[in-house]
Amino acid sequence: MKPLAARHRTPARTLLATGLVASLALVSGCAKSEDDNAGKDPGSAGASDRGQVVASPSTGSGPTCAIDAYGAEKIDLKSATVGFSQSEKEANPFRIAETASIKAEADKQGVKLLTANAQSQFPKQISDVQDLIAKGADLLVIAPLNSDGWEPVLRSASAKHIPIITIDRKINATACKDYVSFIGSDFVEQGRRAADRMIESTGGKGEIAILLGAAGNNVTTERTKGFEDRIKEKAPGLRIVFKQTGEFAREKGQSVTENLIQSKPGITGIYAENDEMGLGAVNALKGAGKKPGAVKIVTIDGTRNAVQGIVDGWIDGVIESNPRFGPLAFQTLDSFTKGGKVSQDVVIQDSAYTKDNAEADLGKAY
């Protein structure tokens, strides 16, 4: 393969997706909905209409990447070996659906797939990816646990000119030099939309808490920024009086909320930066004898249990973060390895669940 291009590219920023072939405009999802209570496999229920859709695919702005600029050589995707690195334990429905989607699409495309799960341990993820490279991965799809600390992997991949796509979280590196593309949501906008829902639910007044996601990644930082900026802009009567990480975990979200109830008994609303923490908050409120709706809860993800929480009156709104990356990731890889230009930032559309649509759309959740 040719050596990597020497010049640096503009760092990746949150942009509308561009540069993909027209077939990326609408993509059918392969992972299905997941329901803890029903005890079903995440691929067992129909959700084929919930595949990821590129935001404004006709927009012509934004930097792109092509294989010659990246410094790799064209390759037939069907003859390639793809390595997939999952970051977190698959107790979280988002991760279950994400991995299922990658596996299902690889199987559909007839692509050899190597997989690894870091079990929420960043040093393990670094060694996992290096092991995937050692096992012969020609292409890498990475769901990063953290945004920083990827230099060892980038050096190893660069030495073998291996294209990298990251999904759902970014790494702090240079697009079209260190990695090809990021595929994911506009996390700042998700935070804004969650704030809008909180403002509507509370009437724009009261004291609210934020259950922060795990530290060290762009998702937490951007979901927090979007929420706080929108509250400051639109609802000065809402005061953020408590912020603490729940580490994107249900158990941690519950324990943090239990402490919150003790320290701030008059809390009006809770913004949980993912559904699992929000469901933990529900458990804490139930344990404290609170009634459904007494504390307004807004979350982000779109898991079936959270959407059911809306139906049951415990949760006021869920902003979707679609985990079904398989079709879009493999189409991006296919276009890139054939020599086509792909966007450095492939931003997807996300829907939302409210009291108006939660019951009817429950089957679309994962």
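Trainee: What should I look at first to understand the pattern of salt bridges in this one?
Mentor: Pairs can form between side chains of opposite charge whenever their charged atoms are close. For the structure shown, the criterion picks out 21 salt bridges. In this structure, Lys243 engages Glu228 in a salt bridge whose closest nitrogen and oxygen atoms are separated by 2.8 Å. Separated by 15 residues along the polypeptide, Lys243 in strand 8 (residues 238-245) and Glu228 in helix 6 (residues 218-234) bring together distant segments of the chain. One network of salt bridges, in which partners are shared, links Glu88, Arg95, Glu98, Asp168 and Arg169.

Trainee: Would you take a moment to explain the environment of Ala329 for this structure?
Mentor: Here Ala329 lies in helix 10 (residues 326-337). Distance in space between the C-alpha atoms of Ala329 and Ile165 is 7.6 Å, their sequence separation being 164 residues. The residues contacting Ala329, other than those within four sequence positions of it, are Ile102, Ile165 and Ile183.

Trainee: Can you walk me through the sheet that holds strand 6 (residues 181-184) in this structure?
Mentor: Each strand in a sheet pairs with its neighbour through backbone hydrogen bonds, running either in the same direction (parallel) or in the opposite one (antiparallel). Reading across from one edge, 3-2-4-5-6-13 is the order of the 6 strands in this open sheet, with parallel pairing throughout. The two strands at the open ends of the sheet, each matched to only one other strand, are strand 3 (112-117) and strand 13 (345-347). Each adjacent strand pair in this sheet contributes to an overall mean axis angle of 20°, direction not counted. By the bridge criterion, 4 bridges tie strand 2 (residues 81-86) to strand 4 (residues 139-142) in an arrangement that is parallel. Its bridge partner being in strand 4, Ser85 is matched across the sheet by Ile142. Most of the contacts of helix 2 (residues 93-109) go to strand 2, to which it runs at about 175°, and overall it touches strand 2, strand 3, strand 4 and strand 5 (164-167).

Trainee: Would you take a moment to explain unusual backbone geometry for this structure?
Mentor: What is expected of a backbone is that most residues other than glycine have negative phi and most peptide bonds are trans. Phi angles above zero are rare outside glycine, and Ser120 is one such case at about 65°. Take Ser120: it is sitting in the loop between strand 3 and helix 3 (122-134). Classification of Ser120 as partly exposed rests on a relative accessible area of 37%. Unlike most non-glycine residues, His161 shows phi in positive territory, near 55°. Turning to its location among the elements, His161 is positioned in the loop between helix 4 (151-159) and strand 5.

Trainee: Explanation requested: the state of the cysteines in the structure shown.
Mentor: A covalent bond between the sulfur atoms of two cysteines is what we call a disulfide. All chains considered together, the criterion is met by 1 disulfide. A sulfur-sulfur distance of 2.1 Å marks the disulfide that ties Cys65 to Cys176. Across the S-S bond linking Cys65 and Cys176, the dihedral sits near 80°, which makes this disulfide right-handed. Linking Cys65 in strand 1 (residues 64-65) with Cys176 in the loop between strand 5 and strand 6, this pair joins segments that are 111 residues apart in sequence.

Trainee: Can you help me understand the side chain of Asp350 in this one?
Mentor: Residue placement: Asp350 occurs in the loop between strand 13 and strand 14 (352-353). Although Asp350 is buried, it forms no salt bridge, and the closest oppositely charged side chain is Arg193 at an N-O distance of 5.4 Å. A distance of 2.6 Å separates a polar atom in the side chain of Asp350 from a polar atom in the side chain of Ser185. A distance of 3.1 Å separates the side chain of Asp350 from the backbone nitrogen of Asn322, its partner in a polar contact. Discounting chain neighbours no more than four positions away, the residues touching Asp350 are Ser185, Gln190, Arg193, Glu320, Ser321 and Asn322.

Analysis parameters
- Residues numbered from 1 in each chain as written.
- Predicted model: local features only at pLDDT ≥ 70, side-chain atom pairs only at ≥ 80, totals over all residues.
- Heavy atoms only, no water.
- Salt bridge = Lys/Arg side-chain N within 4 Å of Asp/Glu carboxyl O.
- Helix = DSSP H or I, 4+ residues; strand = E, 2+ residues; numbered from the N terminus.
- Contact = heavy atoms within 4.5 Å.
- Pairing = 2+ DSSP bridges.
- Axes fitted to C-alpha atoms, helices over the stretch in contact; angles between N-to-C directions.
- Buried < 20%, exposed > 50% of the residue type's maximum accessible area, 1.4 Å probe, protein only.
- Disulfide = S-S within 2.5 Å.
- Lys, Arg positive; Asp, Glu negative; His and termini not counted.
- Polar contact = N/O pair within 3.5 Å; in protein donor to acceptor, adjacent residues only side chain to side chain.

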